[in-house]
Amino acid sequence: MEQGKGVAQPHGGRLISRTTTKNANGSFSISVNADLANDIENIADGIFSPLEGFLVKEDFDQVVSKGRLSSDIPWTIPIVLDVDKDSATKMKDACDVNLKDPEGNDFAILHVEEIYTFNKSETAQGVYGTTDPSHPGVSKTMGMQDFLVGGKIDYIKRPEETAIRKYRKSPTETRTFFEKSEWKTIVAFQTRNVPHVAHEMLQKESLNTHDGLFVNPLIGKKKTGDYKDEVIVATYETLIRDYYPQKRCFLATLHTEMRYAGPREAIHHAIMRKNFGCTHIIIGRDHAGVGTFYDPFAAQKIFDDYPDLQIEPIFYPAFFYCKKCLSFASERNCPHGQESQEQLSGTKLRQMITEKKAPSEYLMRPEVFKIIANWDRPFVD
Ligand SMILES: [Zn+2]
């Protein structure tokens, strides 16, 4: 970063904190699902800085059409609360609304500022670049309630600790850690996958030229056939313990859903990691894509539209093991043909997991494969 020292500035210049010791005092309550509850906690902790709550109409329109807030600060994914007409009316009257988590606990207060309607197809087209209902984000958008409620939130009560939640960190915690470690350049690695050796090599390659590595698996709703959160965390735990320099790597989970918005989600992923204090983020081929909806390099090209992002993307080509180079390589540095390349496709790995037949150890660490193969139902149903 230009300032030359310390971790990156939070997005928008100030780390948002919306936690309170107040009690739930609204005159109306609504329940939100687990994904929304996670995002409200993300707002409270500043992971979504500069957002202080759900988008109001002016911001929503700009985010959908331009990928920026009305203040012109980059923001690509609408963070909104959708409700039906009856709730919308009651919330408008209530002003302060208690938000309940799926267990029925009052966990946050929403200060209602504005209630508005929106065009679902335009929203899908703007965010996902398509209105094809087979895109998971489009189908979710089309299924939303008709009214959006904008306003700041105050966070009251955290959920129970779980094995996964112990890896959830706030930007304040990660920034303190990075500063104590005296890391000046920190590379974020976003993942929703179990680690292949190719991923490991890519991460370690970035450590040759940067101080720290922030491995940050995304935890939350995924699609059928994706690896379960617990499997991803357990495999990274083991891999990092056995194969990574402990003083240069930090594992934390990010609790938010995958939106499969391809390029726009790549920018969103970068913004969240900037808030954690990262100076760089690895953006791979087809980052946050789904099916064949996006050009594999669209998620890299979109960074040209955001010269003011203040976190630097690192673009890597696809890595493969080359039997002639005797190392991981890419088409940029390996002259050998496809016949000397070995790659582990997701489909091939799934088949090997079913058959409990381990891939060669230069494609997947045996310790990692063992965890997945021994897991009872490692995939999302
Ligand atoms: Zn080669």
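This one's a predicted model, so the numbers in the text were calculated from it and none came from an experiment. (Residues numbered from 1 in each chain as written. Predicted model: local features only at pLDDT ≥ 70, side-chain atom pairs only at ≥ 80, totals over all residues. Heavy atoms only, no water.)

Novice: Before we move on, can you summarise the overall build of the protein with the specific residues and values?
Specialist: Each helix and strand in the protein was counted, giving 12 helices and 15 strands. For 381 residues, the compact-globule estimate of 2.2 N^0.38 gives 21 Å, and the C-alpha radius of gyration of the protein, at 21 Å, lies within 12% of that figure. Summarising its shape, the C-alpha atoms of the protein cover approximately 70 × 45 × 40 Å along the three principal directions. Out of the 381 residues in the protein, the part that is buried amounts to 54%. Of the contacts made within the protein by residues no fewer than 6 positions apart, 75% connect residues no fewer than 24 positions apart. Total accessible area computed for the protein in this model is approximately 17,200 Å², and 48% of it derives from carbon and sulfur atoms. In the protein, the 48 positive side-chain charges and the 53 negative ones have mean positions that sit 4 Å from each other. (Helix = DSSP H or I, 4+ residues; strand = E, 2+ residues; numbered from the N terminus. Rg over C-alpha atoms; globule rule 2.2 N^0.38 Å. Buried < 20%, exposed > 50% of the residue type's maximum accessible area, 1.4 Å probe, protein only. Contact = heavy atoms within 4.5 Å. Areas by Shrake-Rupley, 256 points an atom, 1.4 Å probe, with all protein chains shown as cover. Lys, Arg positive; Asp, Glu negative; His and termini not counted. Charge placed at Lys NZ, Arg CZ, Asp CG, Glu CD.)

Novice: Mind laying out the side chain of H11, listing which residues take part and the relevant values?
Specialist: Counting through the fold element by element, H11 comes out in the segment before β1 (28–31). Assessed through its relative accessible area of 1%, H11 is described here as buried. A distance of 2.7 Å separates the side chain of H11 from the backbone oxygen of P74, its partner in a polar contact. Residue contacts for H11: discarding those within four places in its chain leaves S49, P50, I73, P74, W75, I271, K274, N275 and L309. (Polar contact = N/O pair within 3.5 Å; in protein donor to acceptor, adjacent residues only side chain to side chain.)

Novice: Describe the coordination of the zinc ion, listing the residues and the values that go with them.
Specialist: Donor atoms from the polypeptide that bind the zinc ion are C322 (SG), C325 (SG), C334 (SG) and H336 (ND1), placed at 2.2 to 2.3 Å. Taken together, the four donor atoms coordinating the zinc ion span angles of 100 to 115 degrees at the metal, a pattern that classifies the geometry as tetrahedral. Here the donor residues for the zinc ion map to a single chain with the spacing C-x2-C-x8-C-x1-H. In this pair, C322 sits in strand β13 (residues 320–322) while H336 sits in the loop between β14 (327–329) and β15 (341–342), placing the two residues 14 residues apart along the sequence. (Donors = N, O, S within 2.8 Å, 3.2 Å for Na, K, Ca; no water. Tetrahedral: all angles 85-135°; square planar, octahedral: opposite > 155°, others 65-115°.)

Novice: Tell me about the nonpolar core, and please be specific about residues and values.
Specialist: Generally speaking, soluble globular proteins have nonpolar side chains that are buried together. Counting 70 residues, the largest nonpolar core has I40, L81, M91, V97, L99, L110 and F214 as the members making the most contacts within it. A per-element tally of this core places helix α9 (residues 262–276) first, with six residues. Not counting residues up to four positions away in its chain, the partners in contact with M91 are F28, I30, L81, V83, V97, L110, V112, I115 and V149. By size, the runner-up hydrophobic cluster in this structure holds 39 residues, among which are V215, I219, F319 and F328. (Core = buried A, V, L, I, M, F, W, Y, C linked by side-chain atoms within 4.5 Å.)

Worth remembering: the numbers are spatial, not functional.
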